[in-house]
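# Overview (structure and organization)
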Amino acid sequence: MKVDVNQLAAHFAHIPFQVEGIYRYARNPGVPHADYTDSFPGFVFPLTGKIQFQFDGTPYIFSPGKVVHGGAKMKLDQTVFNKNDWEYILVLYRICSSDLGESSFSHQHFELSTGQSPRLIELITRLWHVYNQHGGISRFQTEMLFRDVLNETLLCVDHRQNSCESDVLFERVSAYIQEYYDQSLSIASLAEQNNVNRNRLSYVFRKHAGMGPAEYILKYRMDMAEQMLLANDVPVQQIAETVGIADPFYFSRVFKKQYGVSPTEYRQKFINNPS
């Protein structure tokens, strides 16, 4: 099940909950396999290896870089891969409210892709050790640390989703620019076409191309113009129009800024001295 991380964060921001138990499981732990999940919902934090569990018939592979949530009293099945070693920490939590409907995240099973996060592993391991100490301070630290673990989990998921979305956005917009560079292109129209604001589009291009979208368009047009200058003897003004720039003086100025010489000088230099 795919989860909106912002909705999930809002869910845990508004419900009262507390840690019910923290358990560390490894291959052949001496504990018989259960047929159902516990009476409380919980998060599974894989540490090493790989093992598959099914929650109400839906399979999830427990492996590092993922966090899996299961609801209470769900049908449970287990599959071990080639007797590989595996280890995970399970955190059960109690919801201190009776107002949650069956559609609540706490009643569902889902997977969160966090990626490899040393900080998350450090926090969940620390949570395990603190929980196994005694006293009121330990109990208080357990509650605080679990929220730190959830916070880090959600931040990791959000970062990966944004990174993935920015990759797709850059590929889509840059491909559009490369196909329609000879036409009138504006940053506002590109942003509107892709349902993002100008700041987001600018951020994505600076992240992936090291320049803003306007600079990217201009550079691509100059690259195409450079190829045309060397491929034929078409007048410079016609090449400028072909790459989407109506003003030949502006074209020459931008070309010289990028290549160090005017379009005419560039053509003469490389045609007469191809080496």
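So, here's what we can say about the structure.

### Points about the overall build of the protein chain
Secondary structure summary: the protein chain contains nine helices and eight strands in total. In terms of C-alpha radius of gyration, the protein chain reaches 28 Å, well past the compact-globule figure of 19 Å for 275 residues. Overall, the protein chain is about 80 × 45 × 35 Å in size when its C-alpha atoms are taken along their principal axes. Per-residue burial for the protein chain yields a buried fraction of 40% across its 275 residues. Look at the contacts in the protein chain between residues 6 or more apart in sequence, and 73% of them connect residues 24 or more apart. For the protein chain, the centre of its 26 positive side-chain charges and the centre of its 29 negative side-chain charges are spaced 4 Å apart.

### Describing the layout of surface pockets
Rolled over the atoms, a probe sized like a water molecule indicates the empty space that remains. One number sums up the size of the second largest pocket: a volume of about 190 Å³. In this structure, the second largest pocket is lined by V5, N6, A9, F12, F17, R147, L150, N151, L154, L155 and D158. Residue assignment for the lining of the second largest pocket shows that the elements contributing at least two residues are α1 (5-14) and α3 (136-180). When residues of the lining of the second largest pocket are assigned to their parent elements, the largest contribution, six residues, is made by α3. Of the residues contributing to the lining of the second largest pocket, the split by class is seven nonpolar, two polar and two charged.

### Description of the packing of α1 against α3
α3 packs onto α1 with a crossing angle of 165 degrees between their chain directions and a minimal axis gap of 10 Å. The orientation of α1 relative to α3 falls into the category roughly antiparallel. Here α1 and α3 pass one another in a crossing that is left-handed. Counting all contacts with α1, which are made through V5, L8, A9 and F12, the residues of α3 involved are L150, L154, V157, D158 and Q161. Per-class residue counts for the contact of α1 with α3 are seven nonpolar, one polar and one charged.

### Quick word on helix α6 (residues 213-231)
Over its 19 residues, α6 runs 27 Å from end to end, which matches the ideal 27 Å to within 8%, given 1.5 Å per residue. Within α6, the full set of buried residues consists of P213, Y216, I217, Y220, R221, M222, D223, M224, A225, E226, M228 and L229.

### Comments concerning the packing of aromatic side chains
Any pair of aromatic rings gets described here by the distance separating the centres and the angle formed by the planes. Tallied over the full model, the rule gives 27 aromatic pairs. A centroid spacing of 5.4 Å and a plane angle of 80 degrees characterise the contact between F12 and F17, whose relative ring orientation is edge-to-face. The same class applies to F12 as to F17, namely buried. Among the aromatic residues, those joined into a ring-pair cluster are Y23, Y25, F53, F55, Y60, F62, W86 and Y88. Above the face of the Y36 ring, K75 is positioned so that its terminal group lies 5.9 Å from the ring centre. Over the ring of F17 we find R147; its NZ or CZ atom is 4.2 Å from the centre of that ring.

### Considerations on the sheet that holds strand β2 (residues 42-48)
The strands making up a sheet are joined through hydrogen bonds of the backbone, oriented either antiparallel or parallel. Strand order in the open sheet made by the five strands is β1-β7-β2-β5-β8, with antiparallel pairing throughout. Strands at the two margins of the open sheet, each flanked by one partner only, are β1 (17-26) and β8 (110-113). Across the sheet, the axes of successive neighbouring strands diverge by a mean angle of 20 degrees, strand direction being ignored. Pairing of β1 with strand β7 (residues 87-95), which is carried by nine bridges, proceeds in the antiparallel orientation. The residue of β7 that forms the bridge with A26 is E87. Along the sheet face, helix α2 (residues 118-131) touches β1, β2, β5 (66-70) and β7 and points at about 100 degrees away from the line of β1. Along the sheet, α3 makes contact with β1, β2, β5, β7 and β8, crossing β1 at roughly 75 degrees.

Cut-offs and rules
Residues numbered from 1 in each chain as written. Predicted model: local features only at pLDDT ≥ 70, side-chain atom pairs only at ≥ 80, totals over all residues. Heavy atoms only, no water. Helix = DSSP H or I, 4+ residues; strand = E, 2+ residues; numbered from the N terminus. Rg over C-alpha atoms; globule rule 2.2 N^0.38 Å. Buried < 20%, exposed > 50% of the residue type's maximum accessible area, 1.4 Å probe, protein only. Contact = heavy atoms within 4.5 Å. Lys, Arg positive; Asp, Glu negative; His and termini not counted. Charge placed at Lys NZ, Arg CZ, Asp CG, Glu CD. 1 Å grid on protein atoms, 1.4 Å probe; cavity = no way out; pocket = protein on both sides within 12 Å on 5 of 7 lines; lining within 4 Å. Points joined across faces, edges and corners; volume = space filled by probe spheres on them. Nonpolar A, V, L, I, M, F, W, Y, C, P; charged D, E, K, R; others polar. Axes fitted to C-alpha atoms, helices over the stretch in contact; angles between N-to-C directions. Parallel < 35°, antiparallel > 145°, perpendicular 65-115°, else oblique. Left-handed = near helix turned anticlockwise from the far one by under 90°. Expected span 1.5 Å × (residues − 1). Phe/Tyr/Trp six-rings, centres within 6.5 Å; stacked < 30°, edge-to-face > 60°. Lys NZ or Arg CZ within 6 Å of the ring centre and 35° of its normal. Pairing = 2+ DSSP bridges.

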